[in-house]
Amino acid sequence: MHAWLCENPVGVDALQWKEIPTPQPKASEVLIEIKAASLNFPDLLIVQNKYQMKPALPFVPGSEYAGVVAAVGEGVTHLKVGQSVACLSGTGGFGTHTIAPAALCMPLPPGFPHVDAAAFIMIYATSHHALVDRGQLKAGETVLVLGAAGGVGTAAIQIAKTLGARVIAAASTDEKCELCKSIGADATINYTKESLRDAIKAATDGKGPDVIYDSVGGDFAEPAFRSIAWRGRYLVVGFASGPIPSLPLNLTLLKGASLVGVFWGDFARREPKANAAMMAELAGWYAQGKIKPVIDSTMPMSELKAAYAHMGSRGVKGKLVMVN
Ligand SMILES: NC(=O)c1ccc[n+]([C@@H]2O[C@H](COP(=O)([O-])OP(=O)(O)OC[C@H]3O[C@@H](n4cnc5c(N)ncnc54)[C@H](OP(=O)(O)O)[C@@H]3O)[C@@H](O)[C@H]2O)c1
């Protein structure tokens, strides 16, 4: 098998495409022949030694992937050789094969392409947990999505529309705003051209959004929070712009509003039954055509370094997927 090996976590340049022996699955594991693997934000941090999880060296990056089960270890009864699965295991995806814990593999129903499946779990699980569980978003409410053309942002738009909410999508270019409209956003804000506060006021008749979905952080958090509706819920999802913002706490009091943290990974570990129910609902929505990953482009696995560079340029709309 071949894989991108991280022997020294000093960045993308140090990754090397190498031939290594194909491992055999131990008990409760499966060997997966990888067909597609998507890029997520932590895939960059992990090869720079900046992610909270620090795998033993050498490791193969690639947190999320889909493929075909090539061998099963002892005790694996719910998966068969030849079956298509998606998996989010943190590492292992950027190669031709990987070993995965069987418990983390999501069997794919017929008609679920590997490219969509490789770009599914992280973004939809995060945005569903954020909007439904943490945000209590209701039909008829308005949600503002910051960084709306990114991975979790596009998922948030589709899920909010599925729930019957009105969506205002905010992004940094007109092109990204157009993409957001094409997947269901009711209104858009280009926050590099317009004052965020003025634009939110105009888009909500001065009332403000009931829910704000923030995966960007930085300078937008305070003006966005100042614009939130009475009893609003501000979802802290991520800090893609870098800086972690601070907020004066009196702002929560003035609006009777809540600041709500979202950590899907720990939710899945701590509340596995609730997570499984959520994943089943998402798979159903996919089958009904209510949600579908926005794929910016697919690239051959051998071009991983170029894909990382594209992701770093802030130019990606939706998800980048590497294919074998
Ligand atoms: N809490 C959780 O459970 C959870 C789960 C998954 C992901 N996350 C976090 O959510 C964030 C977004 O993840 P994602 O996969 O959606 O990432 P993504 O696809 O790269 O999207 C991030 C968006 O952030 C915006 N952005 C603003 N400043 C940026 C900058 N300096 N560099 C890059 N992007 C910038 C970009 O939109 P514009 O250009 O339109 O501003 C971009 O589309 C990450 O911080 C990630 O770690 C959290």
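What counts, and at which threshold
Residues numbered from 1 in each chain as written. Predicted model: local features only at pLDDT ≥ 70, side-chain atom pairs only at ≥ 80, totals over all residues. Heavy atoms only, no water. Helix = DSSP H or I, 4+ residues; strand = E, 2+ residues; numbered from the N terminus. Buried < 20%, exposed > 50% of the residue type's maximum accessible area, 1.4 Å probe, protein only. Contact = heavy atoms within 4.5 Å. Areas by Shrake-Rupley, 256 points an atom, 1.4 Å probe, with all protein chains shown as cover. Phe/Tyr/Trp six-rings, centres within 6.5 Å; stacked < 30°, edge-to-face > 60°. Core = buried A, V, L, I, M, F, W, Y, C linked by side-chain atoms within 4.5 Å. UniProt positions renumbered as here; feature names shortened; annotations may be inferred. Pairing = 2+ DSSP bridges. Axes fitted to C-alpha atoms, helices over the stretch in contact; angles between N-to-C directions. Domains from an automatic or database assignment. Buried area = accessible area lost by both parts, 1.4 Å probe. Salt bridge = Lys/Arg side-chain N within 4 Å of Asp/Glu carboxyl O. Polar contact = N/O pair within 3.5 Å; in protein donor to acceptor, adjacent residues only side chain to side chain.

Trainee: Honestly, the overall build of the chain in this entry has me stumped. Any pointers?
Mentor: Scanning the chain from N- to C-terminus turns up eleven helices and 15 strands. Projected onto the principal axes, the alpha-carbon positions of the chain cover approximately 60 × 40 × 35 Å. A buried classification covers 51% of the 324 residues belonging to the chain. The contacts in the chain between residues at least 6 apart in sequence include a share of 68% that link residues at least 24 apart. When the accessible area of the chain is evaluated, it comes to approximately 14,100 Å², of which 55% is carbon and sulfur surface.

Trainee: What is the right way to look at the packing of aromatic side chains in this model?
Mentor: Remark: the centre distance and the inter-plane angle together describe each pair of aromatic rings, the angle taken between the planes. Per the counting criterion, the structure on display carries eight aromatic pairs. Look at F112 and F120: their rings are 5.3 Å apart centre to centre, the planes differ by 85°, and that puts the pair in the edge-to-face class. An aromatic cluster is built from F112, F120, Y124 and Y286, whose rings are joined through pairwise contacts.

Trainee: For this particular structure, what's the right way to read the nonpolar core?
Mentor: A general tendency of soluble globular proteins is for nonpolar side chains to be buried together. Counting 52 residues, the largest nonpolar core has F120, L131, V143, Y213, L235, W264 and L282 as the members making the most contacts within it. For this core, the element with the most residues is helix 3 (residues 121–134), which contributes seven residues. In terms of nonpolar packing, the next biggest core, distinct from the first, is built from 31 residues, A37, V69, A307 and L320 among them.

Trainee: What exactly am I supposed to notice about the UniProt feature "domain: Enoyl reductase (ER)" (unreviewed entry) in the chain here?
Mentor: UniProt's feature table lists "domain: Enoyl reductase (ER)" (unreviewed entry) at residues 11–322, given in the numbering used throughout. Annotated as residues 11–322, this span is 32% helix and 23% strand, and its ends, taken at the C-alpha atoms, are 18 Å apart.

Trainee: Help me understand unusual backbone geometry in this model?
Mentor: Peptide bonds are mostly trans, and most non-glycine residues show a negative phi. Going from L57 to P58, the amide bond is cis rather than trans, its omega being -10°. Looking at the secondary structure, you find P58 in the loop between helix 1 (41–47) and strand 4 (64–72). In this structure, S28 is a non-glycine residue whose phi angle is positive, near 70°. Structurally, the position occupied by S28 is in the loop between strand 2 (16–19) and strand 3 (29–38). A residue is classified by how much of its surface remains accessible, and S28, at 46% relative accessible area, is partly exposed. Even without being glycine, R231 reaches a positive phi, approximately 65°. Within the secondary structure layout, R231 lies in the loop between helix 7 (221–226) and strand 12 (233–236).

Trainee: Hey, could you run me through the pairing of strand 4 in this one?
Mentor: A regular strand carries its side chains on alternate faces of the sheet. The buried fraction of strand 4 is high, at seven of nine residues. Sheet topology places strand 3 next to strand 4; eight bridges connect them, and they run antiparallel. For S38, the partnering residue across the bridge sits in strand 4 and is E64.

Trainee: Explain the sheet that holds strand 13 (residues 258–261) to me, please; I cannot follow it from the model alone.
Mentor: Backbone hydrogen bonds are what pair the strands of a sheet, in a parallel or an antiparallel way. Pairing is parallel across the open sheet formed by six strands, whose spatial order is 10-9-8-11-12-13. What marks the edges here is a single partner per strand, and that holds for strand 10 (187–190) and strand 13. Averaged over all pairs of adjacent strands, the angle between their axes in this sheet comes to 20°, without regard to strand direction. The strands touched by helix 6 (residues 196–203) are strand 8 (142–146), strand 9 (166–171) and strand 10; relative to strand 10, the strand with the most contacts, the crossing angle is about 170°.

Trainee: Even after reading the chapter, I still don't get the domain arrangement of the chain, so can you show me in this structure?
Mentor: A common way to report how large an interface is uses the accessible area buried once the components associate. In terms of domains, the chain is made up of domain 1 (2–120 + 294–323) and domain 2 (122–265). Taken together, the 14 residues of domain 1 in the interface contact 18 residues of domain 2. Summing both sides of the interface, domain 1 and domain 2 together bury roughly 1,200 Å²; the carbon and sulfur share of this comes to 64%. The interface formed by domain 1 and domain 2 contains one salt bridge. The shortest N-O distance in the salt bridge between E175 and K317 comes to 3.4 Å. At the boundary of domain 1 and domain 2, one finds six residue pairs in polar contact (both at pLDDT 80 or more).

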